[in-house]
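# Geometric and topological summary
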Amino acid sequence: MLALVLALTCPHRELRAETTPAWLEEYRAPAARLIGEATSGAFAWHRLSTLTDTIGARLSGSPQLDQAIQWTLAEMKRDGLENVHAEKVMVPKWVRGTESAEIVHPTRLPLAMLGLGGSVGTPPAGIEAPVLSVRSYDELEAHAAAARGRIVLFNVPFTSYAETSRYRWNGASRAARFGALAMLIRSVGPNGLRLPHTGGLTYAADAPRIPAAAISSEDADRLQRLSDRGDGVVVRLRMDARIEPDVESANVVGELRGREKPEEVVVVGGHLDSWDVGAGATDDGGGCVVSWEALRIMKKLNLRPRRTVRVVLWTNEENGGRGGIAYRDQHRAELASHVLMMESDNGVFRPLGFGFTGSDTARRTVTAIATLLSGLAASDIVAGGDGADITPSVRAGRIPGMSLEVDTSQYFQIHHTQADTVDKIDPVEMAKCAAVVAVMAYVVADLPFRLGE
């Protein structure tokens, strides 16, 4: 197996001296060992299965997230990681409560819905009002007078997450400024299977706070057809959602201490919290486990790099970002010693390589390292090495940033839905993700020079 993996990591041996730096040669054998160990079984998938099957969804402030934190601390210690500890973070606590939506005129039909994270609730009896369906902010403004006293539906087809999610983030306040009573959005994701997608929203300070929920694409289209026919569609929305006082949570930290320069740190990680539907397997239990797995297999193979490799499982990425901010603040004095920060939060499907943000010199180095992953077809280095949790520290410390890039063609179908469960994840693809994170983290941490120098 070792010989096979060595062959995969250097498929063009005759060109190696001409196309790769000399320092890379010593990392071919360690990379082969890391890849071989990571892909020799389904350890990572089974660990994720245990997390998601026995604990499940892990919304910030919930007992389930607390349980996941304690489980992770115990498991990291069992793996033999060093300096395993929790770092306190105060997080918001949003409670979904019971909720429902239904068409009450011209017929009675339930709608597949999920309240948006951070939304206020309705009065106990709910809100019953005519629906104004629009396809853009421009269309809302063109029909501003008609929005008063209505439930505004943003029926905006999914194009990309960055483009379409702005209606989820800001739609409630935009509608409220024109007198809307509540806001519905077409779920931010591809059409299919009548799955509503939750996610966070933000309320503007200069607009009333109105209840907001996502409905499935099929139900959004049904409401659109009813409206287009002039049927005077009326919807009743009930939501018990509420925000309670902040509660204590924690980032989970474990390390493999560097053998020569332990004060210099390479960080890998994902976010342990999730939305309260599904089981948080793809978003982002898988990212947590493959990052953690990188350290576990280094430890198992006795591959201790020159610098420290630190895994951080952040809290509260989904509805506040407090974990990433707290890490920056708690580690501000040592950010100058951070060599690289890497985040995995795009799922653990077939790995393609990494997004990277850093100097041209650093980019050339990680591009060379990535050639060790060509046998896994995961050697791409593209622009955009960022992530919600690493960004506060990356910006404050001017640290190179990296993100695991994967085939996301399936990601947004289950993103923030009840279908985010471990059965959607291929154990082989997940093992390959662990392998590429392990190789990149190990080599960067072990380089005879600091990344970027």
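Residues numbered from 1 in each chain as written. Predicted model: local features only at pLDDT ≥ 70, side-chain atom pairs only at ≥ 80, totals over all residues. Heavy atoms only, no water.

This paragraph deals with the overall build of the protein. A tally of regular secondary structure across the protein gives 15 helices and 16 strands. Looking at the protein as a whole, 58% of its 453 residues qualify as buried. Working note: accessible area of the protein is about 17,300 Å², and carbon and sulfur atoms make up 52% of it. Once the 49 positive and 55 negative side-chain charges of the protein are each reduced to a mean point, those two points are 1 Å apart. (Helix = DSSP H or I, 4+ residues; strand = E, 2+ residues; numbered from the N terminus. Buried < 20%, exposed > 50% of the residue type's maximum accessible area, 1.4 Å probe, protein only. Areas by Shrake-Rupley, 256 points an atom, 1.4 Å probe, with all protein chains shown as cover. Lys, Arg positive; Asp, Glu negative; His and termini not counted. Charge placed at Lys NZ, Arg CZ, Asp CG, Glu CD.)

Across the sheet, eight strands lie side by side as β1-β10-β12-β11-β13-β16-β14-β15; this open sheet has mixed pairing. At either margin of the open sheet sits one strand with a lone partner, and together these are β1 (82-95) and β15 (380-383). Across the sheet, the mean angle from the axis of one strand to that of its neighbour is 25 degrees, orientation sign disregarded. In this structure, strand β11 (residues 261-271) lies alongside strand β12 (residues 307-314), joined through eight bridges in parallel fashion. Paired with Val 265 across the strands is Thr 308, a residue of β12. (Pairing = 2+ DSSP bridges. Axes fitted to C-alpha atoms, helices over the stretch in contact; angles between N-to-C directions.)

What follows concerns the sheet that holds strand β6 (residues 151-154). With mixed pairing, the eight strands of this open sheet are ordered in space as β3-β2-β9-β5-β6-β7-β8-β4. Every interior strand has two partners, whereas the edge strands, β3 (109-110) and β4 (113-115), have only one. With four bridges connecting them, strand β5 (residues 127-134) and strand β9 (residues 234-239) associate as antiparallel partners. Its bridge partner lying in β9, Ala 129 is registered against Val 235. Across the sheet, helix α8 (residues 161-176) touches β6, β7 (182-186) and β8 (212-215), and the angle it forms with β7 is around 150 degrees. In this fold helix α9 (residues 217-228) packs onto β2 (99-105), β3, β5, β6, β7, β8 and β9, with an angle of close to 100 degrees to the strand it touches most, β8. (Contact = heavy atoms within 4.5 Å.)

Tallied over the full model, the rule gives 34 salt bridges. For the salt bridge of Glu 75 with Arg 47, the shortest nitrogen-to-oxygen distance reads 3.0 Å. With a gap of 28 residues between them, Glu 75 in helix α5 (residues 63-79) and Arg 47 in helix α4 (residues 43-54) connect regions that are remote in the sequence. Accessibility classification places Glu 75 together with Arg 47 in one group, the buried group. Its salt-bridge partner being Glu 260, residue Arg 306 comes within 3.4 Å of it at the nearest N-O pair. One end of the pair, Arg 306, is in the loop between α10 (281-300) and β12; the other, Glu 260, is in the loop between β10 (242-256) and β11, with 46 residues separating them in the sequence. Through salt bridges with shared partners, a single network forms among Arg 47, Glu 75, Arg 78 and Asp 79. (Salt bridge = Lys/Arg side-chain N within 4 Å of Asp/Glu carboxyl O.)

At a minimum axis distance of 9 Å, the contact between α4 and α10 shows a crossing angle of 135 degrees. Classified by the interaxial angle, the pair formed by α4 and α10 is oblique. As for how α4 packs across α10, the hand of that crossing is right-handed. Along its contact with α4, which presents Phe 43, Ala 44, Arg 47, Leu 48, Leu 51 and Thr 52, the element α10 presents Ala 281, Gly 285, Gly 286, Val 289, Trp 292, Glu 293 and Arg 296. Considered class by class, the residues forming the contact of α4 with α10 number seven nonpolar, three polar and three charged. (Parallel < 35°, antiparallel > 145°, perpendicular 65-115°, else oblique. Left-handed = near helix turned anticlockwise from the far one by under 90°. Nonpolar A, V, L, I, M, F, W, Y, C, P; charged D, E, K, R; others polar.)

On to α5. Residue pairs spaced three or four apart in an α-helix point in one direction, given the helix's 3.6 residues per turn. The terminal C-alpha atoms of α5, which comprises 17 residues, lie 24 Å apart, in line with the 24 Å expected from a rise of 1.5 Å per residue. Restricting attention to buried positions, one finds in α5 the residues Leu 65, Ala 68, Ile 69, Trp 71, Thr 72, Leu 73, Glu 75, Met 76 and Asp 79. Looking at the packing, one finds that the buried side of α5 touches α4, β1, β10, α10 and β12. Just past α5, the residue Gly 80 takes up positive phi, approximately 90 degrees. (Expected span 1.5 Å × (residues − 1).)

Turning our eyes to something else, we now look at the nonpolar core. One finds Leu 34, Leu 272, Phe 354, Met 430, Met 440 and Val 443 to be the most contacted residues of the largest nonpolar core, which totals 83 residues. If one sorts the elements of this core by residue count, helix α15 (residues 427-446) sits on top with 14 residues. If near-sequence neighbours (up to four positions away) are discounted, Met 430 is found in contact with Ala 44, Trp 45, Leu 48, Gly 286, Val 289, Val 290, Val 348 and Ile 425. In terms of nonpolar packing, the next biggest core, distinct from the first, is built from 24 residues, Leu 59, Ile 151, Ala 213 and Leu 223 among them. (Core = buried A, V, L, I, M, F, W, Y, C linked by side-chain atoms within 4.5 Å.)

As a further point, take the pairing of strand β14 (residues 351-357). Burial of β14 is extensive: five of the seven residues sit out of reach of the surface. Two strands pair when backbone bridges link them, and β14 and strand β16 (residues 401-406) are joined in this way by six bridges, in the antiparallel orientation. Residue pairing for β16: Phe 356 is matched across the bridge by Met 402. When β14 meets β15, the two strands line up parallel, connected through four bridges. The partner of Phe 356 across the bridge, within β15, is Ala 383. In the classification by handedness, the crossover that spans β14, the intervening helix α12 (residues 360-370) and the parallel β15 is right-handed. (Right-handed = clockwise from strand over helix to strand, strands pointing away.)

Bringing the confidence of the model for the protein into the picture now. Averaged over all residues, the pLDDT of the protein equals 95, while 96% of them reach at least 70. Note on residues 1-8: pLDDT under 50 across the span, and 13 contacts to partners over four residues away in sequence or across chains. Low confidence marks residues 10-18, where pLDDT is under 50. Its contacts with residues over four positions away, or in another chain, come to seven contacts. (pLDDT = per-residue confidence, 0-100.)

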